[in-house]
Amino acid sequence: MKPPRLIRTLVVDDSALARKMITDSLANRPGIEIVGTAVDPYVARDKILALKPDVITLDIEMPRMDGITFLKILMKHKPLPVIVMSSLTPEGSDRALEALEAGAVDVMHKPRGSFSASADGTVLAEKIVAAAMSRPRWIAENLVGNNGIGASRNAGISPGNPRDLILIGASTGGTEALKEVLMQLPATLPGICIVQHIPAHFSKAFANRLNQLSALEVKEARSGEEVTRGKVLIAPGGQHMVLRWTGSNHVVQLNEGPTVHHQRPAVDVMFDSAVRAGSGPHTLAILLTGMGIDGAAGMLALRKAGASTVAQNEATCVVFGMPKEAIRIGAARHVAPLHQIPQLMINHARSGMAAAAAA
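Residues numbered from 1 in each chain as written. Predicted model: local features only at pLDDT ≥ 70, side-chain atom pairs only at ≥ 80, totals over all residues. Heavy atoms only, no water.

Student: Would you explain the pattern of salt bridges in this entry?
Tutor: A side chain with one charge can pair with a side chain of the opposite charge if their charged atoms come near. Taken as a whole, this structure holds 18 salt bridges when the rule is applied. Measuring nitrogen to oxygen at the nearest pair gives 3.0 Å for the salt bridge that ties Lys179 to Glu176. A residue pair is termed a helical-turn pair when its members lie 3 or 4 positions apart in one helix, as Lys179 and Glu176 do in helix α7 (residues 174-182) at three residues. Each member of the pair, Lys179 as well as Glu176, is classed as buried. We note a salt bridge from Glu325 to Arg328, for which the minimum N-O separation is 2.8 Å. With Glu325 and Arg328 both in helix α11 (residues 322-328), this residue pair falls three residues apart, about one helical turn. Exposure remark for Glu325: the relative accessible area of 17% places this residue in the buried category. When its relative accessible area of 60% is taken as the criterion, Arg328 is described as exposed. Salt bridges here are not isolated pairs; linked through shared partners, they connect Glu61, Asp66, Lys72, Arg95 and Glu98. (Salt bridge = Lys/Arg side-chain N within 4 Å of Asp/Glu carboxyl O. Helix = DSSP H or I, 4+ residues; strand = E, 2+ residues; numbered from the N terminus. Buried < 20%, exposed > 50% of the residue type's maximum accessible area, 1.4 Å probe, protein only.)

Have a look at this one:
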C-alpha cells in the first residue's frame, strides 16, 4: 500500500503543551499535514467526521473518556490508523500494550520536557508514514484457529545441537504478530532471540505480557545472559542485542551503539552477529511485519552462511516493508503467512534434533 500524497493527521491530547510539542515536531515534515487537534475523544469524534484524517495520534489518559475506550469504539465503528502516545511509567507501558491489542498501529512515548522536536519528531513522522501505509488488523481467528498448529504446543522436541537458534525481527504490527506466533509454540524449542522495534521502557512490559501467554519463558534480555532451550529473549528498547558463541552456548550482549536504519535495537545487528558467531547453519531467521528495510541485509548474510530464512507474506502483514525487502534481495528462502510460521519453527527444531541424533 502507498501512503496518501499528504497524510492528514489529527492530534488528540488533553494537554495543550503536548499538543503544541507534537504539532511543532511535525511542522514542515514532508508529506504530513496536521489538519487539527482535539482535547478529548468527544471533540475528536466530531473532528474525525469533519476533517477525515488519515492517521490519529492518541493520548491514553484523558478526561471524560480514556484513550483506550475511545480506541475500541473507533476500531468498531470507523477504523483508522492510530499511534498511541503513552507515559514512560510501568502503568503507562501496560496501557500502551492494551492499546496495541485493541487495534493501535504503534506506540510512542508521550511528549514531556525532554521531547525533542528534531529527534522525536523524526521518529513520530516515520511512525505516521508507516501507519498511513498499514492495512487493517487481520482477524486473528482466521489465521491461527483451524490449522492444527495449536496442538503443537504439546509436541515433544528433545534437545538438539546447542548452537540451534531462532532469530526474529519485527517492527510495525509486530507486537501482535509475535504474540500470535509465541502462543502456538511448545516450551522445548531452541533459544529464541527477538528484535522488535519498540521504544525504551516499553520492552519489559511487552516481554512480561508475552511470558503470561506463552508456554516458553519470555523475558527482556540482559547483557551476558545465556540463550537456552525454552527461553525467549527480547532486546530492550534503545539497545542493540548481539549474539556471541562462548564455545558451549550463545550469550547476548547489549550496547547503545549508533542506530542502524534509524533503529536501536536493529534486526540487522542481531542477524549479523549470528553470522560472525558461526551459527548460520544452525539458525532459523524470520522477518515479520514492519516498515523499512531493517533485517533484510542481515538475513541475506545468514542465508549465505547456511541459515533457513522466512519472510512473512504480504497478505498477513500490517506493513509489508521489511519482509518485502528481504524477498526482493533474495534473502528469504520461504515466504509464509503468519499462521504457518509457528509450524516452520517447530520443523526447524525437529530437523536440528534429527541432525543431532544422526551425529
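After presenting the structure, the write-up continues.
Student: Mind showing me how you'd approach the sheet that holds strand β12 (residues 250-255) here?
Tutor: The strands that make up a sheet are held in pairs by hydrogen bonds between backbone atoms, and each pair lies either parallel or antiparallel. One open sheet holds the three strands; their spatial order is β9-β12-β11, and the pairing between them is antiparallel. Each edge of the open sheet is held by one strand with a lone partner, namely β9 (226-227) and β11 (240-245). Sheet topology places β11 next to β12; six bridges connect them, and they run antiparallel. Paired with Leu243 across the strands is Val252, a residue of β12. (Pairing = 2+ DSSP bridges.)

Student: I tried to follow the nonpolar core on my own but got confused; where do I start?
Tutor: For soluble globular proteins, nonpolar side chains are generally found buried alongside one another. The biggest cluster of nonpolar side chains holds 55 residues, and the ones touching the most others in it are Ile192 and Met345. Here this core gets five residues from one element, more than from any other, and that element is helix α4 (residues 90-102). Ignoring anything within four residues of it in the chain, the contact list for Ile192 reads Ile166, Ile168, Leu185, Leu216, Val227, Lys231, Val232, Leu233 and Met345. Grouped together as the second largest cluster of nonpolar side chains are 27 residues, Cys193, Leu233, Ala274 and Ala326 included. (Core = buried A, V, L, I, M, F, W, Y, C linked by side-chain atoms within 4.5 Å. Contact = heavy atoms within 4.5 Å.)

Student: Mind showing me how you'd approach the confidence of the model for the protein here?
Tutor: Caution applies to low-pLDDT parts of the model: their predicted coordinates are not meant to be read in detail. Averaged over the protein, the pLDDT score is 90; the fraction of residues at 70 or greater is 91%. Low confidence marks residues 138-154, where pLDDT is under 50. Its contacts with residues over four positions away, or in another chain, come to 33 contacts. (pLDDT = per-residue confidence, 0-100.)

Student: Would you mind showing me how to read the pairing of strand β7 (residues 192-196) here?
Tutor: Successive residues of a regular strand alternate their side chains across the two faces of the sheet. Burial within β7 is extensive, with five of its five residues counted as buried. Residues Ile192, Ile194 and Gln196 of β7 are buried on one face, and the alternating residues Cys193 and Val195, pointing to the opposite face, are buried as well. Across five bridges, the pairing between strand β6 (residues 165-170) and β7 is parallel. What sits directly across from Ile166, in β7, is Ile192. For the crossover from β6 across α7 to β7, the handedness is right-handed. By the bridge criterion, three bridges tie β7 to strand β10 (residues 231-234) in an arrangement that is parallel. Its bridge partner being in β10, Ile194 is matched across the sheet by Ile234. (Right-handed = clockwise from strand over helix to strand, strands pointing away.)

Student: It is not clear to me how the sheet that holds strand β8 (residues 217-220) should be interpreted in this structure. Could you clarify?
Tutor: With parallel pairing, the seven strands of this open sheet are ordered in space as β8-β10-β7-β6-β13-β14-β15. What marks the edges here is a single partner per strand, and that holds for β8 and β15 (334-336). Averaged over all pairs of adjacent strands, the angle between strand axes in this sheet comes to 20 degrees, irrespective of strand direction. Note that β6 and strand β13 (residues 283-287) share five bridges and pair parallel. Paired with Ile166 across the bridge in β13 is Leu284. Docked against the sheet, α7 engages β6, β7, β8 and β10, running at close to 160 degrees with respect to β7. (Axes fitted to C-alpha atoms, helices over the stretch in contact; angles between N-to-C directions.)

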